[in-house]
Amino acid sequence: METALAKTPQKRQVIFLALLLLLWEAGSEAFRYSMPEETESGSFVANLAKDLGLRVGELAARGARIHYKGNKQLLQLDIKTGNLFLYEKLDREVLCGVTDPCILQFQLLLENPVQFFQADLQLTDINDHSPEFLDREMLLKIPEIVQPGTVFPLKIAQDFDIGSNTVQNYTISPNSHFHVVTHNRGDGRKFPELVLDKALDREEQPELRLTLTALDGGTPPRSGTTAICIEVVDVNDNAPEFLQLLYEVQVPENSPLNSLVVAVSARDLDAGTNGNVAYALFQGNGVNQPFGIDEMTGEIRLKKALDFEATQYYNLEIAATDGGGLSGKCTVAVQVVDVNDNAPELTMSTLTSSTPENTPQTVVAVFSVSDPDSGDNGRMVCSIQNDLPFLLKSTFKNFYTLMTEKPLDRESRAEYNVTITVTDLGSPRLKTQHNITVLVSDVNDNAPAFTQTSYTLFVRENNSPALHIGSVSATDADAGANAQVTYSLLPPQDPQLPLASLVSINADNGQLFALRALDYEALQALEFRVGATDRGSPALSSQALVRVLVLDANDNSPFVLYPLQNGSAPCTELVPRAAEPGYLVSKVVAVDGDSGQNAWLSYQLLKATEPGLFGVWAHNGEVRTARLLSERDAAKHRLVVQVRDNGEPPLSASVTLHVLLVDGFSQPYLPLPEAASEPAQADPLTVYLVVALASVSALFLFSVLAFIAVRLCRRGRAASAGGYPVPEGHLMDVGGTGTLSQSYQYEVCLMGGSSSNEFKFLKPILPNLPPQGAKELEENNTLRNSFGFN
């Protein structure tokens, strides 16, 4: 607007403040009349002709008329007699609200010659409104430990009258516990407080119901009532206390909705629910309260638009109530700060349809200007184009007369387009132009809003590239280009995330696509933000969070960890023939790279050399004997175990176990093939070993002698049989089953190329025994030395 004014420096801005004062003093007088509100329409107000000293009929001859702000007709003038009557019944509360005194200004305009007279009509208040409480019932929770003399604030009653006709006193129904005290507020209104006279006893009377009455000062007085319900609660001896008793804040009138006004804070020294503080608007300025408070945080936010021209101050009473019913109160004084949000208004009073040519100083139009803003925002400058034969004259209190500057020549120009421009002095400057069509263009003041703050999308792994996985949507409340939304992917917070190679978005409709196949085992979730930007100037934008969850598919077969299947010589499990049913032979250990039920594994015996001899537990992969072993069972067994997951379709893997049945773990080598099996069964070393083990549990001395005999026998056999090579072997654990009382680990290797399938025990790894088993440890060491282990 300031730029527009700067582009036309030749425009004349006519400010006739001095002339206005001269005309006020020279030809106008201010007359004031008074009458009560609600006076019937048509009632006589005054005789203007008599008060102005004019003759009867002079008002009609001079074209007298009454002018009001906003052209609303409140009075009716009889120009023949000069009598002024009420046009309609006037309500002071509607016209002036709480403003006192209520003065309605109007002007008497005489057109020939032009002359103005200022007059005021004061409406006096009558007691036509009763006090009224906003709530039919007030609930107070008062602990029984509260001492007499404690004060409880009560909500005030509303009375639209003013002065002595408004609320003057509060009373309460007779009772033995409370009385009410009336206080004056800073703005002149009175508010009640409930005072405890006698201590409460919840066990005696858990609830009291009282009636609060508000009385005004009219004649006769009017009253309003509300019920007070008092609940007596136990043991809450600390009321919430605000950090400040008075909060003062200034809020611009153009503040957006839901903007933070102020945050109040109260603390309660109690614990538990008695220390939890809830905030509430205890008392505001009426029903149309433009503020709301968060009961948990105490943040006061704007819920309705403010208007400085309607209300400049708000006094809010905030109550903080703990879980036990005690409350504290503070006051929030909100001052609405005026902003230049109202353009000047132009009201045309007289407009001449045609002006005769060659007539000097002809009045073309009489109009008034107004701006409801205050300060510089309400000061105005009126101007017209500089190249027209017209001039503006400021005549009376924001009234202007448009007159011809010189006689007009119709033949040279038949018509003129006069644009009256009214500009205020606010920042930024606002202006109003008459005689032109003003089109309101959209202002880009609304950012795009997503339908959700966050989106969760699901995509199954191994998807096809360019798969549509979901959409985001945002809307813009503006119009035209300001409402056209463009979507984009925002840079991720993690710079290592290759977002551009994983996901793309359609800039026009917000559809999201997966650019490549996703692998659940590599990436289970993906979070990023999308932006929506409009095409206004400047452009506004918003963001939303998108979370992509990759769903697992059954694309990984079970992998066997034990026994190893790496192509080397298979490891053979040894099982004594004396093993009981359920003897643990081995355990198949497998894992699955998937998750959920796709990773639930079950085990099954597919093939066995002798069905029914071994079994596999389905849930843990343990291979155990199913029955007692007999001499007729083959010595070698080959078991094929299948590991299957629970996916759809299920995937599986298999593993082969080699099991060798032996007569006892004390044998130094394997039995010879079929022909040599009989001599091997009569090996004296086995007999000695069995005798030695039995003797240890019976007599220690006998065991020592037996070990010495076995050692001598073992040395004799070793001297005759020679040594065996000891190749690299595997570590085997034999424990917790069979006939051995302790757990041992042996390093065993089977010679695949030997015709006799020989094997040799290497160093046994004995378990660590507690100190109290020192005797048994000594026996075991003696046993080891007797067998020649080193």
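One can find the structure itself at the top, above this paragraph.
Residues numbered from 1 in each chain as written. Predicted model: local features only at pLDDT ≥ 70, side-chain atom pairs only at ≥ 80, totals over all residues. Heavy atoms only, no water.

Draft legend 1. Examining the overall build of the chain more closely. Within the chain, the secondary structure is distributed over ten helices and 53 strands. In the chain, which comprises 790 residues, the share counted as buried stands at 40%. A separation threshold of at least 6 residues defines the contact pool for the chain, and within that pool the share at least 24 residues apart is 67%. If you sum the accessible surface of the chain, you get close to 43,000 Å²; carbon and sulfur atoms cover 53% of it. (Helix = DSSP H or I, 4+ residues; strand = E, 2+ residues; numbered from the N terminus. Buried < 20%, exposed > 50% of the residue type's maximum accessible area, 1.4 Å probe, protein only. Contact = heavy atoms within 4.5 Å. Areas by Shrake-Rupley, 256 points an atom, 1.4 Å probe, with all protein chains shown as cover.)

Draft legend 2. Just empty space enclosed by the protein, in detail. For the coordinates displayed, the defined rule picks out four cavities of 30 Å³ or more. Phe31, Tyr33, Leu48, Leu52, Phe106, Leu108, Phe117, Gln118 and Ala119 are the residues that line the second largest cavity. Within the residue set of the lining of the second largest cavity, elements represented by two or more residues are strand E2 (30-36), helix H3 (48-52), strand E7 (102-111) and strand E8 (114-124). With three residues, E8 is the single largest residue contributor to the lining of the second largest cavity. Across the lining of the second largest cavity, the residue classes break down as eight nonpolar, one polar and no charged. (1 Å grid on protein atoms, 1.4 Å probe; cavity = no way out; pocket = protein on both sides within 12 Å on 5 of 7 lines; lining within 4 Å. Points joined across faces, edges and corners; volume = space filled by probe spheres on them. Nonpolar A, V, L, I, M, F, W, Y, C, P; charged D, E, K, R; others polar.)

Draft legend 3. Representation of a nonpolar patch on the surface. A cluster of nonpolar side chains, namely Phe559, Leu561, Tyr562, Val589 and Val591, defines an oily patch on the protein surface of about 420 Å² accessible area. Within the residue set of the nonpolar patch, elements represented by two or more residues are strand E43 (559-562) and strand E46 (589-591). In this fold, Phe559 is placed in strand E43. For Phe559, a relative accessible area of 52% translates into the label exposed. (Patch = residues over 30% accessible without salt bridge, like charges linked within 9 Å, V, L, I, M, F, W, Y side chains within 5 Å. Salt bridge = Lys/Arg side-chain N within 4 Å of Asp/Glu carboxyl O.)

Draft legend 4. Inspection of the sheet that holds strand E51 (residues 652-662) at higher detail. The sheet built from four strands is open, its strands ordered E44-E51-E50-E47 with mixed pairing. With partners counted over all chains shown, the strands left at the sheet margins are strand E44 (572-576) and strand E47 (601-608), one partner each. Neighbour-to-neighbour, the strand axes of the sheet open up by a mean angle of 35°, direction not taken into account. Both strand E50 (residues 636-645) and E51 contribute to a ladder of nine bridges, which runs antiparallel. Bridged to Gln642 within E51 is Ser654. (Pairing = 2+ DSSP bridges. Axes fitted to C-alpha atoms, helices over the stretch in contact; angles between N-to-C directions.)

Draft legend 5. Expanded view of the pairing of E7. Among the ten residues in E7, seven count as buried, and that is most of the element. Bridge count for strand E4 (residues 65-68) against E7 is four bridges, and the pairing is antiparallel. Bridge pairing in E7 links His67 to Gln107. With ten bridges joining them, E7 and E8 adopt antiparallel strand pairing. Along E8, the bridge assignment pairs Leu104 with Leu121. Two successive antiparallel strands, E7 and E8, enclose a turn made up of two residues.

Everything listed is a geometric property; what it means functionally is a separate question.
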